[in-house]
Amino acid sequence: MNESSTAARRQAHLLDALRSAAAPEADCAFPAAEMARLTQAGLLAAPIPRRLGGLGAGTEPEGGGLAARLLILCGRANPAVGRLFEAHVNALRLIVRFGDQAQLRAACEDAAGGHLFGLWVTDPPGECLRVRDGRLLGRKGPSSGAGHCTRALVTADIGGEAGATCLFLAALTGREPVAPVSGLHGMRAAANGVVTLDGVAAPADAQIGSAGDYLREPDFSCGAWRTSAVTAGMLDALAEMVRSHLVRRGQAGAPMQQARFGEILIARETAQLWVERACLLAEAEGGDPAAQIAYVNLARIAVESASLDALRHAQRSLGLAAFVAPHPLERLARDLTTYLRQPAPDSVLLEASAWHLGRPE
Ligand SMILES: Cc1cc2nc3c(=O)[nH]c(=O)nc-3n(C[C@H](O)[C@H](O)[C@H](O)COP(=O)(O)OP(=O)(O)OC[C@H]3O[C@@H](n4cnc5c(N)ncnc54)[C@H](O)[C@@H]3O)c2cc1C
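All values reported here derive from a predicted model rather than from experimental measurement.

Student: Give a description of the domain arrangement of the protein chain that names residues and reports values.
Tutor: Often the size quoted for an interface is simply the accessible area lost on bringing the parts together. What the domain assignment lists for the protein chain is domain 1 (3-116), domain 2 (118-214) and domain 3 (219-358). When each unit is reduced to the centre of its C-alpha atoms, the spacing between domain 1 and domain 3 is 22 Å. Between domain 1 and domain 3, the contact holds 23 residues from the first and 22 residues from the second. Across the domain 1/domain 3 interface, buried area totals approximately 1,900 Å², and carbon plus sulfur atoms make up 56% of it. Of all residues in domain 1, Ile72, Arg76 and Arg93 give up the largest surface area on contact with domain 3, accounting jointly for 30% of the area buried on that side. Our count for the domain 1 to domain 3 interface comes out at four salt bridges. The closest approach of N and O atoms between Asp219 and Arg93, which form a salt bridge, is 3.0 Å. The tally of links from domain 1 across to domain 3 stands at four residue pairs in polar contact (both at pLDDT 80 or more). Breaking the side of domain 1 that touches domain 3 down by element, the ones donating at least two residues are helix 3 (64-77) and helix 4 (79-98). Tallied by class, residues from the side of domain 1 that touches domain 3 come to nine nonpolar, six polar and eight charged.

Okay, structure coming up:
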């Protein structure tokens, strides 16, 4: 069997595993069983570049379409898995882009071996993770996968006059102290917390790239299409929940329920079309970076609006049932509305709009 048919078989196996993924487990429980099953099916190895034995999903231009399908299916099956996989892809992509060959090989071996990578770039208010004498000093968070990720790509201040911020790849035990985010509305199963990283090794050869690489454009902004893909998958799950509820309740023939369901289908398709095109443009080599960023920024807002529209129709269709656990829509609505709160939505809309207004006629 040649290499490309082996890859096609692995891809088909992984997509099948995601299509048959189990419903989310208990509200606050990390989806350990599902992650183990999907890791076994090759999910964590999928972003490894093809020349190193992976499928290049989300890390190579040719793997963009596969990444989109995987992220949509993850979001549909289990939003927490979607959130975790999206960060895993992002971390590996940054290592592919900025790491040296030895770092890349080691990271790919880890991913193939089942290590879940986190991308932890948020510092608690008033704090800043630092590297001093080859060790991390401080905390990172809120971070998803806290206590479960065994590799974390973190931003940290390396000192010096400029106080440069660099990426470091930290090997974790999963036993680092975690202060969970309490009172969180949704996405609780993604294990969100503030992680204390004092003393974790961060030698010079764990530094990925140079100062400022994390924010390098167009990758920094364009990567948002992957978050939107997970959202589109959640919207797909929402449509299915409404469909089965209406059929079960014998309301599939009621005109107002049909009208609302039609609006939900439009929202679902809108999200998927924006995601598909954002993926195509963002992953294309040699594109105009400003145009790519503007498109992905608009896609982010379009998918957010479609999701909120669909949720409004879904909750009106189901009535109070949509707000009573354990109805699956109760949980999905909390996960979706929480996940939609991505950073700086106002500025991405304004930047995209300004770019279009400033373009020559
Ligand atoms: C559960 C959870 C898990 C997380 N996981 C991770 C993780 O794994 N890794 C990680 O790195 N981070 C993580 N984070 C951090 C997260 O990415 C950001 O903190 C969060 O998404 C920012 O969203 P926000 O709605 O607070 O955005 P904000 O950007 O603060 O936006 C809030 C609102 O304020 C507006 N706004 C923003 N700035 C200004 C301004 N200067 N002036 C006027 N208006 C403004 C925005 O447009 C928006 O309307 C996590 C956070 C949570 C809560």
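Student: Please provide a residue-by-residue account of the packing of helix 3 against helix 4, values included.
Tutor: Closest axis-to-axis distance for the helix 3/helix 4 pair is 5 Å, and the angle between their directions is 145°. For the pair formed by helix 3 and helix 4, the contact residues are Leu70, Leu71, Cys74, Gly75 and Ala77 on the first element and Pro79, Val81, Gly82, Phe85 and Glu86 on the second. For the contact of helix 3 with helix 4, the residue count by class is seven nonpolar, two polar and one charged.

Student: Please set out the nonpolar core residue by residue, giving values where relevant.
Tutor: Membership of the largest hydrophobic core comes to 85 residues, with the highest contact counts inside it found for Leu70, Leu136, Leu197, Trp225 and Leu238. Here the element with the most residues in this core is helix 7 (residues 224-248); it accounts for 13 residues. Leaving out residues up to four positions away in the same chain, Trp225 has contacts with Gly64, Ala67, Ala68, Leu71, Val275, Ala278, Cys279, Ala282, Glu283 and Val296. The next biggest cluster of nonpolar side chains, apart from the first, holds 18 residues, and it includes Ile95, Ala107, Cys108 and Leu169.

Student: If you had to explain the pattern of salt bridges to someone new, which residues and values would you point to?
Tutor: A full pass over the atoms with the stated rule returns 20 salt bridges. One salt bridge in this structure joins Arg19 and Asp16, with 3.1 Å as the shortest N-O distance. With a gap of three residues between them, Arg19 and Asp16 both fall in helix 1 (residues 3-19), about one helical turn apart. For Arg19, a relative accessible area of 54% translates into the label exposed. When the shortest N-O distance is used, the salt bridge between Arg132 and Asp157 registers 3.6 Å.

Student: Just give me the short version of the site of the ligand, but keep the residues and values in it.
Tutor: Residues in close proximity to the ligand total 16 residues, the closest being Arg83, Thr122, Ser144, Ala344 and Asp346. Within the contact set of the ligand, a nitrogen atom lies 3.2 Å away from a backbone nitrogen or oxygen of Pro142. Here an oxygen atom of the ligand and a side-chain polar atom of Asp346 are 2.8 Å apart. Protein coverage of the free-state accessible area of the ligand, which is 980 Å², stands at 52%.

Student: Residues and numbers for the side chain of Asp110, please.
Tutor: With respect to the helices and strands, the residue Asp110 is situated in helix 5 (residues 101-112). We classify Asp110 as buried; its relative accessible area is 19%. Here the side chain of Asp110 touches Arg151 through a polar contact of 2.7 Å, side chain to side chain. Apart from the residues within four sequence positions on either side, Asp110 is in contact with His115, Phe117 and Arg151.

Student: Requested: an account of unusual backbone geometry, with residues and values cited.
Tutor: Leave glycine aside and you will find that most residues have negative phi; peptide bonds, for their part, are mostly trans. At the junction of Gly141 and Pro142, the peptide bond is cis and its omega measures out at 5° in the coordinates. If you trace the backbone, Pro142 turns up in strand 4 (residues 139-143). Cis geometry marks the peptide bond from Glu217 to Pro218, where omega comes out at 10°. Tracing the sequence through the fold places Pro218 in the loop between strand 9 (207-208) and helix 6 (219-222). Of note in this structure, Ala191 is not a glycine but carries a positive phi near 55°. Mapping Ala191 onto the fold places it in the loop between strand 7 (178-180) and strand 8 (193-196). For Ala191, a relative accessible area of 16% puts it in the buried group.

Conventions and cut-offs
- Residues numbered from 1 in each chain as written.
- Predicted model: local features only at pLDDT ≥ 70, side-chain atom pairs only at ≥ 80, totals over all residues.
- Heavy atoms only, no water.
- Domains from an automatic or database assignment.
- Contact = heavy atoms within 4.5 Å.
- Buried area = accessible area lost by both parts, 1.4 Å probe.
- Salt bridge = Lys/Arg side-chain N within 4 Å of Asp/Glu carboxyl O.
- Polar contact = N/O pair within 3.5 Å; in protein donor to acceptor, adjacent residues only side chain to side chain.
- Helix = DSSP H or I, 4+ residues; strand = E, 2+ residues; numbered from the N terminus.
- Nonpolar A, V, L, I, M, F, W, Y, C, P; charged D, E, K, R; others polar.
- Axes fitted to C-alpha atoms, helices over the stretch in contact; angles between N-to-C directions.
- Core = buried A, V, L, I, M, F, W, Y, C linked by side-chain atoms within 4.5 Å.
- Buried < 20%, exposed > 50% of the residue type's maximum accessible area, 1.4 Å probe, protein only.
- Near = heavy atom within 4 Å.
- Areas by Shrake-Rupley, 256 points an atom, 1.4 Å probe, with all protein chains shown as cover.

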